[in-house]
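# A closer look at the structure
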Amino acid sequence: MDSSASRASVLAAQVFGVTAVVLMLVWLLHFRGGLNLNSQNKNLIFNVHPFLMFVGFIFIGGQAMMVYMTVRAERKVQKFIHMILHLIAITLGIIGIYAVFKFHNESGISNMYSLHSWLGIITFCLYGLQWLFGFLLFWFPGAAEHRRKNVHPLHRMAGVFIFLMAICTAETGLIERFFFSSLKHQPEARLINFTGLFIILYGFSVCFSIIR
């Protein structure tokens with residue numbers, strides 16, 4: 001793929017990703033009342049979960065995957081930024097998971113009862129393992145050069161797979177909230193649909209950029 005097409009795919013990813021972030025904020029702030037991890041309103045506690053999980057594992061995770069095309073720096077600097085962005089994503093994910101468990105426990109709702117929750121925990125565990133193995137193999141202490149070259153394609157493939165799992169998890173979460181809230185043809189329902197659509201477009205653009 002030539003440089004112009006590469007730049008176009010990265011630019012498209014940025015537009016789709018930022019749009020998805022804005023739509024999710026409109027949904028959570030305007031229709032759902034806001035986000036507050038320590039609120040007496042249990043719904044505000046829950047709202048922290050979808051925002052941090054999306055921003056962490058999907059938006060920032062996607063940025064980390066594209067860093068080799070978006071950051072003009074030495075390879076070692078790019079690798080460092082790649083690693084730090086994924087670490088930030090994991091940190092946000094931990095807070096997001098804590099938020100939903102807190103919401104469930106304080107609301108008397110069972111944990112881990114849905115496909116969304118199963119996919120979420122599996123994705124989180126795989127994401128953490130991917131980061132740990134990447135850190136040990138490519139950063140510190142670091143494997144031999146020939147071993148890194150052999151493992152790198154698998155590392156990339158696993159990263160794409162986990163990223164797509166995160167997107168699937170987000171989509172099932174949006175569907176779950178859609179039916180849980182008994183939404184039909186209201187403006188909120190359309191907003192949720194558009195949010196899910198732009199998340200998919202962001203994921204497709206990120207994957208297209210790095211696979212090519």
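Here goes a summary of the coordinates provided. Everything numeric in this text was worked out from a predicted model, so none of it was measured. (Residues numbered from 1 in each chain as written. Predicted model: local features only at pLDDT ≥ 70, side-chain atom pairs only at ≥ 80, totals over all residues. Heavy atoms only, no water.)

## A closer look at the overall build of the protein chain
- Tallying secondary structure elements over the protein chain gives 6 helices and 0 strands in all.
- Going residue by residue from the N terminus, the α and β elements of the protein chain occur as α-α-α-α-α-α.
- For 212 residues, the compact-globule estimate of 2.2 N^0.38 gives 17 Å, and the protein chain sits close to it at 18 Å.
- Each of the three principal axes of the protein chain carries a C-alpha extent, and together these read 55 × 35 × 25 Å.
- Sorting the 212 residues of the protein chain into buried and exposed places 44% on the buried side.
- The long-range share in the protein chain, meaning contacts at least 24 apart out of those at least 6 apart in sequence, stands at 74%.
- Working note: accessible area of the protein chain is about 11,600 Å², and carbon and sulfur atoms make up 69% of it.
- Of note, the protein chain has its 16 positive side-chain charges centred 4 Å away from the centre of its 7 negative side-chain charges. (Helix = DSSP H or I, 4+ residues; strand = E, 2+ residues; numbered from the N terminus. Rg over C-alpha atoms; globule rule 2.2 N^0.38 Å. Buried < 20%, exposed > 50% of the residue type's maximum accessible area, 1.4 Å probe, protein only. Contact = heavy atoms within 4.5 Å. Areas by Shrake-Rupley, 256 points an atom, 1.4 Å probe, with all protein chains shown as cover. Lys, Arg positive; Asp, Glu negative; His and termini not counted. Charge placed at Lys NZ, Arg CZ, Asp CG, Glu CD.)

## With respect to the nonpolar core
- Judged by nonpolar contacts, the single largest core of 43 residues is most densely connected at Phe-54, Ile-58, Phe-163, Ile-199 and Tyr-202.
- For this core, the secondary-structure elements that each account for two or more residues are α1 (3-31), α2 (42-70), α3 (75-107), α4 (115-138), α5 (145-180) and α6 (187-211).
- Counting residues per element, this core draws most heavily on α2, which supplies 12 residues.
- The contacts of Tyr-202, once residues within four sequence positions are left out, are Ala-13, Phe-16, Gly-17, Ile-58, Phe-59, Gly-62, Gln-63, Met-66 and Phe-163. (Core = buried A, V, L, I, M, F, W, Y, C linked by side-chain atoms within 4.5 Å.)

## Focus on the layout of surface pockets
- In this structure, the largest pocket spans a volume of roughly 820 Å³.
- Taken together, 30 residues make up the lining of the largest pocket; nearest its centre are Tyr-68, His-82, His-152, His-155 and Arg-156.
- Listed by contribution, the elements that provide at least two residues to the lining of the largest pocket are α2, α3, α4, α5 and α6.
- The residue inventory of the lining of the largest pocket, partitioned by class, reads 16 nonpolar, 8 polar and 6 charged. (1 Å grid on protein atoms, 1.4 Å probe; cavity = no way out; pocket = protein on both sides within 12 Å on 5 of 7 lines; lining within 4 Å. Points joined across faces, edges and corners; volume = space filled by probe spheres on them. Nonpolar A, V, L, I, M, F, W, Y, C, P; charged D, E, K, R; others polar.)

## Side note on a nonpolar patch on the surface
- Together, Val-18, Val-22, Val-26 and Phe-31 make up an exposed nonpolar region whose accessible area comes to about 290 Å².
- Its location among the elements puts Val-18 in helix α1. (Patch = residues over 30% accessible without salt bridge, like charges linked within 9 Å, V, L, I, M, F, W, Y side chains within 5 Å. Salt bridge = Lys/Arg side-chain N within 4 Å of Asp/Glu carboxyl O.)

## What to know about empty space enclosed by the protein
- Applying the stated criterion to the full structure yields 1 cavity of 30 Å³ or more.
- In this model, the largest cavity occupies a volume close to 540 Å³.
- Taken together, 33 residues line the largest cavity, and the ones lying closest to its centre are His-49, Met-53, His-116, Thr-169 and Gly-173.
- When residues of the lining of the largest cavity are traced back to their parent elements, those giving at least two are α1, α2, α3, α4 and α5.

## Here's the deal with the environment of His-49
- Within the element layout of this structure, His-49 appears in helix α2.
- The class of His-49 is buried, set by a relative accessible area of 11%.
- The residues touching His-49, leaving out its near neighbours within four places in the chain, are Gly-96, Ile-97, Ala-99, Val-100 and His-116.
- Separated by 2.9 Å, the side chain of His-49 and the backbone oxygen of Gly-96 make a polar contact. (Polar contact = N/O pair within 3.5 Å; in protein donor to acceptor, adjacent residues only side chain to side chain.)

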